[in-house]
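# Remarks on the overall topology
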Amino acid sequence: MGADDDAAAFIDAATGGSLSFSGLRRAALSLASGLRLGLGLRRGDTVLVVSRNSLLLPQILVGVLAAGGVVVAADPDATAPEIAAAAAHATMVVADAPLGFAGDVGVPLLLTSRSLDPRGPLLSAEELIDGGDPTEAHAHLPEPDADVVAAISSGGGRRVCVTSLPMCSADGLALIAMGLPAAGVTTVLLDPSDEGALREAVAKHAATDVVAAPEAAATLLAAGPGASLASLRRVLIVAPTPLTPEARHQFRRRLPWVHVTELPTQTTAAAAGTHNSQQQPAQQTNEVSLLGALPLPRRRLLGCDSRESLDGSTSFLPSSS
């Protein structure tokens, strides 16, 4: 966590709401207590999380990890059979809305937020966060790993990252939910469908970093008067294919003070073949470190979207060893 625990760890660009580092820690410990002591989650149990970006989502993801669970993140836009297949391998499911098949496979289901109907039969992660006992959760947490925490410096000021990358994705889980808060970076969450809001969010929050898909990142190149990008220093583009030479040229010409880095997705890495597979982990580690995120233990996080295996054989993080 950052040195200033009262600083914002996450900001919702749409509502202006924020979640502090101390609030994130407190919520994660409360949820971990509720999951372990109230619902019987055991260390090593798999929890499928199906949710769009929100201030609740990092609390849920970190809370599951704090409880000793294994996070499996699924894209909410995945097909019903794909999510059902992931649920079949899970001990518990946390989702934005009820999933009709969850009960059929015998998997307990938690909503992310409270139901509008207080008499509803489903419990929510938000209720566990508010009702858990964080003092009990301390007994289940390991000592902090120094290799997971990175000290960040950007001219003496706090780094702010604007991202439209879905947190429930292989790359988003490592970067957005874990890497950035561990490094003390304030993360501004954008709706992935609102690509045009990226430029304004950078100016409004004096962002130093951007993590986005190529389509969203391209909006930073908009010509003519508009929001100032003077604070921006780094852009990390996450894409299955490399940028075109013309796109790279446009970034150098219009934003010469910004360092642009490309992070290939797992689809790209898988298609690269055996020859490139030995070089890929090092390249990923270097690029992720641009945002102050160090490799996290491989065994704690499994990337499971529609393009990856669901049996735990594929991990999207480089080995910490």
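Residues numbered from 1 in each chain as written. Predicted model: local features only at pLDDT ≥ 70, side-chain atom pairs only at ≥ 80, totals over all residues. Heavy atoms only, no water.

The name that an unreviewed UniProt entry assigns to the chain is AMP-dependent synthetase/ligase domain-containing protein, with the source organism given as Digitaria exilis.

### With respect to the overall build of the chain
Looking only at helices and strands, one finds 12 helices and 12 strands in the chain. Each of the 321 residues in the chain was classed as buried or not, and the buried ones make up 49%. Taking as baseline every contact in the chain between residues at least 6 positions apart, the subset at least 24 positions apart corresponds to 68%. Taken as a whole, the chain presents about 14700 Å² of accessible surface, with 54% of it coming from carbon and sulfur. (Helix = DSSP H or I, 4+ residues; strand = E, 2+ residues; numbered from the N terminus. Buried < 20%, exposed > 50% of the residue type's maximum accessible area, 1.4 Å probe, protein only. Contact = heavy atoms within 4.5 Å. Areas by Shrake-Rupley, 256 points an atom, 1.4 Å probe, with all protein chains shown as cover.)

### Quick look at unusual backbone geometry
Not every positive phi belongs to a glycine, and Ala-206 is a case in point at roughly 50°. Mapped onto the fold, Ala-206 is located in the loop between helix H7 (197-204) and strand S9 (209-212). Ala-206 gets classed as partly exposed once you look at its relative accessible area, which sits at 43%.

### Regarding the sheet that holds S9
One open sheet accounts for seven strands, arranged S2-S1-S8-S7-S9-S10-S11; its pairing is mixed. Of all the strands in the sheet, just strand S2 (18-20) and strand S11 (259-264) have a single pairing partner and so form its edges. Shown here is a sheet whose adjacent strand axes are inclined to one another by a mean of 15°, direction ignored. Bridge count for strand S10 (residues 234-239) against S11 is six bridges, and the pairing is parallel. (Pairing = 2+ DSSP bridges. Axes fitted to C-alpha atoms, helices over the stretch in contact; angles between N-to-C directions.)

### Digging into the environment of Pro-256
For Pro-256, the position within the fold is in the loop between helix H9 (245-254) and S11. In this structure, the C-alpha to C-alpha distance between Pro-256 and Arg-233, residues 23 residues apart in sequence, is 9.7 Å.

### As for the nonpolar core
Judged by nonpolar contacts, the single largest core of 49 residues is most densely connected at Phe-10, Leu-35, Ile-60, Leu-61, Met-167, Ile-176 and Val-211. The dominant element in this core, judged by the number of residues it contributes, is helix H2 (residues 56-66), at eight residues. Split by domain, the residues of this core number at least three in each of domain 1 (21-131) and domain 2 (146-270). Excluding residues within four positions of it along the chain, Met-167 makes contact with Phe-10, Asn-53, Ser-54, Leu-57, Pro-58, Leu-61, Gly-172, Leu-173, Ile-176, Ala-177 and Leu-189. Membership of the second largest hydrophobic core comes to 25 residues, among which are Val-160, Val-162, Val-235 and Leu-255. (Core = buried A, V, L, I, M, F, W, Y, C linked by side-chain atoms within 4.5 Å. Domains from an automatic or database assignment.)

### Let's talk about H7
Taken as a whole, H7 has its buried residues at Ala-197, Leu-198, Arg-199, Ala-201 and Val-202. Looking at the packing, one finds that the buried side of H7 touches strand S7 (160-163), S9 and helix H8 (214-217). Downstream of H7 by a residue or two, Ala-206 has a phi angle that is positive, lying close to 50°.

### Quick look at the confidence of the model for the chain
When the pLDDT values of the chain are averaged, the result is 74; 68% of them are 70 or greater. Confidence drops under pLDDT 50 across residues 135-156; counting only partners more than four residues distant or on other chains, this segment forms 32 contacts. The model gives residues 267-321 a pLDDT under 50, and that stretch makes 109 contacts with residues more than four places away or in other chains. (pLDDT = per-residue confidence, 0-100.)

### Some remarks on the pattern of salt bridges
For the coordinates displayed, the defined rule picks out seven salt bridges. Close ionic contact of Asp-45 with Arg-42 constitutes a salt bridge, the shortest N to O distance being 3.8 Å. Exposure remark for Asp-45: the relative accessible area of 10% places this residue in the buried category. Where Asp-77 meets Arg-52, a salt bridge forms, and the shortest distance between an N and an O atom there is 2.6 Å. On the criterion of sequence distance, the pair formed by Asp-77 in the loop between strand S4 (70-74) and helix H3 (80-88) and Arg-52 in the loop between strand S3 (46-50) and H2 is long-range, its members being 25 residues apart. The exposure class assigned to Asp-77 is exposed, which follows from its relative accessible area of 55%. For Arg-52, a relative accessible area of 46% puts it in the partly exposed group. When salt bridges that share partners are traced, they join Arg-114, Glu-126 and Asp-130 into one network. (Salt bridge = Lys/Arg side-chain N within 4 Å of Asp/Glu carboxyl O.)

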